[in-house]
Amino acid sequence: MIPLELRLSPTLSLRLCQTQKFKTEMLSLSAVLPIEGQKPYMTSLLLSVLLRGTESYPDISAINRRLDYLYGTDLSVRNFYRGDAQVFGLCANVLGKEYLPAGAPERETLLREVVEMMREVFFSPALDENGLLCANYVESEKQLHCDAIRAKKNHPQSYAMDACRRVMFDSEPCGIPLYGTEEEIMAVTPEALTAYWKELYQNLSLHAFYVGATDKESVIDALTKGLGIENIQIETIEKNHPAIPLTNVASIKRHGEERRVCEDLPVHQSALVMGLRTPAAVQDEDFFAVTLYNELLGSSSPVSKLFINVREKLGLCYSCFSTFNAYKAALTICCSLEDDRREEAEAEIRRQLASLAAGDISDAEWQAAQKSMANAYRQLSDSPSAMEVYYLGRALAGVSVSPEEATARIAALTREDVVRVAKQMQIDTVFVLHPTGGEERDDEEN
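Let me begin by describing the structure that accompanies this report. (Residues numbered from 1 in each chain as written. Predicted model: local features only at pLDDT ≥ 70, side-chain atom pairs only at ≥ 80, totals over all residues. Heavy atoms only, no water.)

1. Some thoughts on the pairing of strand S12 (residues 426–435)
Line of reasoning, step 1. Taken across its 10 residues, S12 has eight buried, putting it largely inside the fold.
Line of reasoning, step 2. Bridging between strand S8 (residues 259–265) and S12 involves seven bridges; their strand directions are parallel. Among the inter-strand pairings, Cys262 is bridged to a residue of S12, identified as Val432.
Line of reasoning, step 3. Two strands pair when backbone bridges link them, and strand S9 (residues 270–277) and S12 are joined in this way by seven bridges, in the antiparallel orientation. (Buried < 20%, exposed > 50% of the residue type's maximum accessible area, 1.4 Å probe, protein only. Helix = DSSP H or I, 4+ residues; strand = E, 2+ residues; numbered from the N terminus. Pairing = 2+ DSSP bridges.)

Written out as structure tokens, the structure is:
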């Protein structure tokens, strides 16, 4: 299945996946900002403040009552990086029309009313008598953001992964922390956040994504009426037209020799994170070869080289896995372990990288990795949110590949394809978290 991609107006596009499989429908409204020249932490803070209250529903209780009235619609914010762009917005899970009570007045209007609620949150926040975002909401969310920033240090593995990415991408836009620093957050005033909100929304373009059983015309009607768009000009979106900056592998600023950064933290568990540059991003021909390489290396825990050798056979760590950032052509290896096993674990990880580059892949490993990838793509169709995340990310990158086609591309790969990309892997950054003792629980990886 490939989503139908339409442009409804200069400021609104729609991706539509029609399926009868689910009892609920999913609708997201997302905007894309280039990170460079922006303040991502301001957008992150703004999103949380917007959900605290609107002009018609001035507090969380009023918002929740309205969502309950809309048959338990779930409304949440989204905020993440895709490559060197920040994607933010709202996601709604709505009960499907066919499952509403017979004769219910909302049977034909529920989706539109949900869009109206999303519009209310986006464009009509609660303001004080001076036209500013409510100071108590701003201050409360600032404190919550700072708590979240501090709390990351209680999770050595995730903290180390974030730290490694910051070092690895220090000269690139996505190296800027999504949620900023405590100092940046605490310096934000209601006046500054209100001004940022107004400036941000002046030229805001929205990407709508719908997964569900409602027909195309009804979805378009709900969107345009709910968002108050009058001049509708429906046209097909040109394929392979990215909405986010794409990573050009050839132009990546490489650091030559790998960089090594060590940090002491008052925790009990050590973490070793290695950041690698890969020869392909999501839009490149070798993308699927890198994806399968990652599966063989450490993404598929029960059968991957890192899990079997570093964790199971040698018992050097609590966990060891790899993740592939397809939008930055980067691969991250993360290992949680005791500090006195770090050197041995790092040496074994490097041996596994070398073994893949040498083509040391057994038939069992190869078949297990391909089956794991096929299953992962097949499972996308089991969840509206998984479908939306997969298709939206690729649509923003200008890539049009269905899970079925992706599965076929993986199945067509040869060992030579994987070895070719394995030989081009380059360790860029090694981040070591040294524990100095603390009060946190260290059982998160056990």
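2. Here we look at the side chain of Thr43
Line of reasoning, step 1. Along the chain, Thr43 turns up in helix H1 (residues 40–50).
Line of reasoning, step 2. Of the residues examined, Thr43 reaches a relative accessible area of 0% and is grouped as buried.
Line of reasoning, step 3. When near neighbours in sequence (up to four residues on either side) are disregarded, Thr43 contacts Leu33, Gln86, Phe88 and Tyr196. (Contact = heavy atoms within 4.5 Å.)

3. Notes on the sheet that holds strand S5 (residues 85–95)
Line of reasoning, step 1. Taken together, seven strands build an open sheet; the order of strands is S4-S5-S3-S6-S2-S1-S7 and the sheet is mixed. With one partner strand each, in any of the chains shown, strand S4 (74–82) and strand S7 (235–236) form the two edges of the open sheet.
Line of reasoning, step 2. Sheet analysis places strand S3 (residues 24–34) next to strand S6 (residues 206–212), joined by five bridges and oriented antiparallel. Within the sheet, the bridge partner assigned to Ser30 lies in S6 and is His207.
Line of reasoning, step 3. Sheet strands touched by H1: S3, S4 and S5. Its angle to S5, the strand with the most contacts, is close to 20°. (Axes fitted to C-alpha atoms, helices over the stretch in contact; angles between N-to-C directions.)

4. Notes on the pattern of salt bridges
Line of reasoning, step 1. In this structure the tally under the stated criterion is 33 salt bridges.
Line of reasoning, step 2. For the salt bridge of Arg78 with Glu388, the shortest nitrogen-to-oxygen distance reads 2.8 Å. Placement of Arg78 in strand S4 and of Glu388 in helix H13 (residues 384–396) is noted, with a sequence separation of 310 residues between them. Take Arg78 and Glu388: they sit in the same class, and that class is buried.
Line of reasoning, step 3. For Lys328, the salt bridge is made with Asp84, and the minimal N-O distance between the two is 3.1 Å. With Lys328 in the loop between strand S10 (319–325) and strand S11 (330–337) and Asp84 in the loop between S4 and S5, the pair connects residues that are 244 residues apart, well separated along the chain.
Line of reasoning, step 4. Residues joined by salt bridges that share partners form a network here, namely Asp84, Asp170, Glu172, Arg259, Arg277, Lys328 and Asp428. (Salt bridge = Lys/Arg side-chain N within 4 Å of Asp/Glu carboxyl O.)

5. Here we look at the nonpolar core
Line of reasoning, step 1. Leu292, Tyr293, Ile333 and Ile349 are the most contacted members of the largest nonpolar core, which has 62 residues in total.
Line of reasoning, step 2. When residues of this core are assigned to their parent elements, the largest contribution, eight residues, is made by helix H9 (residues 287–299).
Line of reasoning, step 3. Residue contacts for Ile333: discarding those within four places in its chain leaves Leu272, Val273, Met274, Leu276, Leu297, Leu306, Cys320, Phe321, Ser322, Ile349 and Leu353.
Line of reasoning, step 4. The next biggest cluster of nonpolar side chains, apart from the first, holds 56 residues, and it includes Leu14, Leu16, Leu29 and Leu67. (Core = buried A, V, L, I, M, F, W, Y, C linked by side-chain atoms within 4.5 Å.)

Interpretation note: all reported values are geometric properties and have no functional meaning in isolation.
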